[in-house]
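# Understanding the architecture of this molecule
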Amino acid sequence: NQGRWDDAEKLFVQVMETRKTKLGADHPSTLASMNNLAYTQKLLGREIEAIELIRECVQLCQQRFRPNHPNLLSSLAALARWESEDAVANVEIV
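Residues numbered from 1 in each chain as written. Predicted model: local features only at pLDDT ≥ 70, side-chain atom pairs only at ≥ 80, totals over all residues. Heavy atoms only, no water.

If you look the chain up in an unreviewed UniProt entry, it shows as Kinesin light chain from Decorospora gaudefroyi.

Below, the structure is given as structure tokens:
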């Protein structure tokens, strides 16, 4: 909220890695951390990294949650939106 996204990213990476180690890669808290990190990367303008991370988050959510789970649906929506934004940004106008 203070605009300190670089600092936030470092913390999100630490939290995500700690949760992966302690709780497992598909634990809901780990997935929430992964999602937060992806959004932070997106805000920092690192779209490719954000898309890769949210894609990994979606894959893990699909293994962990039922198909209509809000966390899965939210991550799927973000992935679809970000991929379409990236595709539009990379279209060459002739």
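What follows deals with the packing of helix H3 (residues 47-64) against helix H4 (residues 70-89). One way to put it is that H3 packs onto H4 with a least axis distance of 9 Å and a crossing angle of 150°. The orientation of H3 relative to H4 falls into the category roughly antiparallel. For the crossing formed where H3 meets H4, the hand is left-handed. Side by side, H3 and H4 meet where Ile48, Ala50, Ile51, Ile54, Arg55, Cys57, Val58, Cys61 and Gln62 of the first sit next to Leu72, Ser75, Leu76, Ala78, Leu79, Trp82, Glu83 and Asp86 of the second. Taken together, the residues of the contact of H3 with H4 break down into 12 nonpolar, two polar and three charged. (Axes fitted to C-alpha atoms, helices over the stretch in contact; angles between N-to-C directions. Helix = DSSP H or I, 4+ residues; strand = E, 2+ residues; numbered from the N terminus. Parallel < 35°, antiparallel > 145°, perpendicular 65-115°, else oblique. Left-handed = near helix turned anticlockwise from the far one by under 90°. Contact = heavy atoms within 4.5 Å. Nonpolar A, V, L, I, M, F, W, Y, C, P; charged D, E, K, R; others polar.)

Our next topic: the nonpolar core. Leu31, Met34, Leu53, Ile54, Cys57, Cys61 and Trp82 are the most contacted members of the largest nonpolar core, which totals 18 residues. Of all the elements in the fold, those that place two or more residues in this core are helix H2 (28-43), H3 and H4. (Core = buried A, V, L, I, M, F, W, Y, C linked by side-chain atoms within 4.5 Å. Buried < 20%, exposed > 50% of the residue type's maximum accessible area, 1.4 Å probe, protein only.)

The next subject is the side chain of Glu9. Within the secondary structure, Glu9 sits in helix H1 (residues 5-23). Excluding residues within four positions of it along the chain, Glu9 makes contact with Leu37, Thr40, Gln41, Leu44 and Arg46.

Turning our eyes to something else, we now look at the packing of aromatic side chains. Scanning the entire structure with this criterion turns up one aromatic pair. On the numbers, 5.0 Å between centres and 75° between planes, the contact of Tyr39 with Trp82 is edge-to-face. One end of the pair, Tyr39, is in helix H2; the other, Trp82, is in helix H4, with 43 residues separating them in the sequence. In this structure Tyr39 comes out as partly exposed when scored by relative accessible area, which is 31%. (Phe/Tyr/Trp six-rings, centres within 6.5 Å; stacked < 30°, edge-to-face > 60°.)

Our focus in this paragraph is H1. Compared with the 27 Å implied by 1.5 Å per residue over 19 residues, the 25 Å span of H1 between its first and last C-alpha is a close match. Restricting attention to buried positions, one finds in H1 the residues Ala8, Glu9 and Met16. One side of H1 carries all its buried residues, which in axial view fall inside an arc of 100°. Facing away from the buried side of H1 by over 90 degrees, the exposed positions are Lys10, Leu11, Gln14, Thr21 and Lys22. Of the surrounding elements, those touching the buried residues of H1 are H2 and H3. One or two residues past the end of H1 sits Gly24, with phi positive at roughly 105°. (Expected span 1.5 Å × (residues − 1). Arc of directions from axis to C-beta.)

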